[in-house]
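For reference, the chains in residue letters:
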Amino acid sequence: MKIAIFSGDGIGSEVTREAVRVLEALKLPGLTLLEGDVGAAAYHRHGRPLPAETLDMARVSDAILFGAVGDPSCDNLERHLRPEQAVLGLRSELGLFANLRPATVFAGLEDLSGLRPELARAIDLLIVRELNGDVYFGDKGMRETADGQREGWDMMSYSEGEVRRIAHSGFLAARKRGSKLCSVDKANVLETSQLWRDVMIEVAAEYPDVELTHMYVDNAAMQMVKNPGQFDVVVTGNLFGDILSDLASMCVGSIGLLASASLGERQTEYGTFGLYEPIHGSAPDIAGLGKANPMATILSVAMMLRHSFGDEDQACKVETAVARALSDGVRGGDLGGDLGTEAIGDAVLERL
Ligand SMILES: NC(=O)C1=CN([C@@H]2O[C@H](COP(=O)(O)OP(=O)(O)OC[C@H]3O[C@@H](n4cnc5c(N)ncnc54)[C@H](O)[C@@H]3O)[C@@H](O)[C@H]2O)C=CC1
Ligand SMILES: CC(C)CC(=O)C(=O)O
Ligand SMILES: [Mg+2]
């Protein structure tokens, strides 16, 4: 089994290093790790954030472990050269349209949530975010208005087929959990969202065992803070899912804890091909200081073992090691402690 490691920029390389240590400690038979350049690192070396060599490596791999991309020194480059295009490009080129972002409170962290402990304790939700469409991938540009002002524009759209396939991902995920699916949109204002809602209702007919509800995204943000325990699976578009998942992360304690799996249709001999990454970015404010929490990336390895390698035992082993570390009081700066990235990695390894 081949895993491509794309660690990227800022804390991406720091957190990925710890996740790779965990992966190697599992001694999976026949494991080969490949390393590729993405993001600002790739731009400086190859002139492009997602070089052809990296994409080729992704295509011959069974799964990808991704750190993060983004560097302030690149924020004024033309958009197609910016580091973020690496992760967007991998998601679209590889057809990874279903992004799963689970959020659960670990025992012992209830007091570290941005919410009251009794609200935090009830959180066990999964955000299913569409990843190949929406305003992120529409035409965009800068133009001049008739009265000479600059105008930025981004096209938001979803086709019926794009909504239908993520609807199935949402319903199937709900069926494996609490059978409740909340579709989040902005159908009171956006045509994109009206189609989204119509298609969700059509697809619901194939899943009579799953309860479908709808919520506008502004209310969903409020409800996530007021009563997050009401959510089981949330299915939503690319932009709304991006925002709501960062919100959910603080409800469980830290953005350094939320893992993700990005899946498509490609099957390998081991399972579903996927890209696994923490939901956070390259965190330039703490990059190079050894302060980042690597747990989200380590938990992304667990998701990889589950979805791409069908190895539920090893996935649970990794998740249990992280949960034990947290319940034993292992805390990085993001959780009010003083342990650094490597020390947190050591603590998880000791509990594997
Ligand atoms: N998938 C990706 O590669 C993503 C890349 N980005 C990029 O990352 C760069 C920084 O973006 P921001 O908006 O600042 O988001 P960010 O997620 O990188 O950081 C937000 C805040 O959370 C903290 N943080 C994030 N991860 C942490 C961890 N593991 N441990 C402790 N603290 C952590 C950071 O220090 C910062 O204060 C930008 O260039 C952005 O475009 C942002 C999100 C996703
Ligand atoms: C292109 C990325 C920076 C999008 C993002 O923030 C994410 O996927 O969480
Ligand atoms: Mg994000």
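These lines cover the structure that appears in this document, whether it is placed above or below.

Criteria and cut-off values
- Residues numbered from 1 in each chain as written.
- Chains lettered and ligands numbered in written order.
- Predicted model: local features only at pLDDT ≥ 70, side-chain atom pairs only at ≥ 80, totals over all residues.
- Heavy atoms only, no water.
- Near = heavy atom within 4 Å.
- Polar contact = N/O pair within 3.5 Å; in protein donor to acceptor, adjacent residues only side chain to side chain.
- Areas by Shrake-Rupley, 256 points an atom, 1.4 Å probe, with all protein chains shown as cover.
- Nonpolar A, V, L, I, M, F, W, Y, C, P; charged D, E, K, R; others polar.
- Salt bridge = Lys/Arg side-chain N within 4 Å of Asp/Glu carboxyl O.
- Helix = DSSP H or I, 4+ residues; strand = E, 2+ residues; numbered from the N terminus.
- Buried < 20%, exposed > 50% of the residue type's maximum accessible area, 1.4 Å probe, protein only.
- Pairing = 2+ DSSP bridges.
- Axes fitted to C-alpha atoms, helices over the stretch in contact; angles between N-to-C directions.
- Contact = heavy atoms within 4.5 Å.
- Parallel < 35°, antiparallel > 145°, perpendicular 65-115°, else oblique.
- Left-handed = near helix turned anticlockwise from the far one by under 90°.
- Phe/Tyr/Trp six-rings, centres within 6.5 Å; stacked < 30°, edge-to-face > 60°.
- Lys NZ or Arg CZ within 6 Å of the ring centre and 35° of its normal.
- 1 Å grid on protein atoms, 1.4 Å probe; cavity = no way out; pocket = protein on both sides within 12 Å on 5 of 7 lines; lining within 4 Å.
- Points joined across faces, edges and corners; volume = space filled by probe spheres on them.

Time to look at the site of ligand 1. Taken together, 20 residues lie near ligand 1, and Val-69, Glu-84, Gly-281, Ala-283 and Asp-285 sit nearest. Here Ser-282 contributes a backbone N or O atom positioned 3.0 Å from an oxygen atom of ligand 1. With respect to ligand 1, the backbone of Asn-293 contributes an N or O atom lying 2.9 Å from a nitrogen atom. Computed on the free molecule, ligand 1 has an accessible area of 810 Å², of which 69% lies beneath the protein chains in the complex.

Here we take up the site of ligand 2. Neighbouring ligand 2 are Glu-84, Val-87, Leu-88, Arg-91, Arg-101, Arg-129, Asp-242 and Ile-279. In the model, an oxygen atom of ligand 2 is placed 3.0 Å from a nitrogen or oxygen of the Arg-101 side chain. Within the side chain of Arg-129, a nitrogen or oxygen atom sits 3.0 Å from an oxygen atom of ligand 2. Compared with its free state, where it exposes 290 Å², ligand 2 has 74% of that area covered by protein. A breakdown of the residues in the shell around ligand 2 according to their chemical character gives 3 nonpolar, no polar and 5 charged.

It is worth spelling out the pattern of salt bridges at this point. Summed over all chains, the structure comprises 20 salt bridges. With a shortest N-O distance of 2.7 Å, Asp-209 and Arg-175 are connected by a salt bridge. Of this pair, Asp-209 sits in the loop between helix H7 (191-204) and strand E9 (211-216) while Arg-175 sits in helix H6 (residues 160-176); the two residues are 34 residues apart in sequence, bridging distant segments of the chain. The exposure class assigned to Asp-209 is partly exposed, which follows from its relative accessible area of 39%. Given a relative accessible area of 37%, Arg-175 falls into the partly exposed group. Salt-bridge contacts for Arg-351 lead to Asp-328; the nearest nitrogen and oxygen are separated by 2.8 Å. Here Arg-351, found in the segment after helix H12 (341-350), pairs with Asp-328, found in the loop between helix H11 (312-327) and H12; they are 23 residues apart in sequence, far enough to count as distant. Judged by relative accessible area, Asp-328 falls into the exposed class, the value being 51%. Salt bridges sharing partners connect three or more residues here, namely Glu-18, Arg-21 and Asp-346.

A word on the sheet that holds E9. Spatially, E2-E1-E3-E12-E11-E4-E5-E10-E8-E9 is the arrangement adopted by the 10 strands of the open sheet, whose pairing is mixed. In this open sheet, the two edge strands, each paired with only one partner strand, are strand E2 (32-35) and E9. The average angle at which neighbouring strand axes cross in this sheet is 20°, direction not considered. Relative to strand E12 (residues 272-278), strand E11 (residues 259-267) runs antiparallel, the two being bridged by 6 bridges. Its bridge partner lying in E12, Ala-261 is registered against Tyr-276. Taken strand by strand, helix H8 (residues 217-226) contacts strand E5 (124-130), strand E8 (180-185) and E9, and its axis lies near 105° from that of E9.

It is the contact of helix H1 (residues 11-25) with helix H10 (residues 295-307), at a shortest axis distance of 8 Å, that shows an interaxial angle of 40°. Classified by the interaxial angle, the pair formed by H1 and H10 is oblique. Of the two possible hands of crossing, H1 and H10 adopt the one that is right-handed. Of the residues in H10, those in contact with Val-15, Thr-16, Glu-18, Ala-19, Val-22 and Leu-23 of H1 are Thr-297, Ile-298 and Val-301.

What follows covers the packing of aromatic side chains. Within the structure shown, the criterion is met by 3 aromatic pairs. Where Tyr-270 meets Phe-309, the ring centres are 5.8 Å apart and the plane angle is 65°; that geometry is what we call edge-to-face. Of the two residues, Tyr-270 is situated in the loop between E11 and E12 and Phe-309 in the loop between H10 and H11; the sequence distance between them amounts to 39 residues. A relative accessible area of 30% means that Tyr-270 is categorised as partly exposed. For Phe-309, a relative accessible area of 10% gives the class buried. When the ring centre of Phe-273 is taken as origin, the NZ or CZ atom of Arg-266, which lies over that ring, is 4.2 Å away.

Before going further, it helps to spend a moment on empty space enclosed by the protein. Counted according to the given criterion, the structure contains 1 cavity of 30 Å³ or more. Lining of the largest cavity is provided by Asp-134, Met-156, Tyr-158, Val-184, Asp-185, Leu-190, Thr-192, Ser-193, Trp-196, Gly-237 and Phe-240. Those elements giving two or more residues to the lining of the largest cavity turn out to be E8 and H7. The element that contributes the greatest number of residues to the lining of the largest cavity is H7, accounting for 3 residues. Split into classes, the residues belonging to the lining of the largest cavity amount to 6 nonpolar, 3 polar and 2 charged.

Honestly, that's just the spatial picture; any functional story needs more than this.
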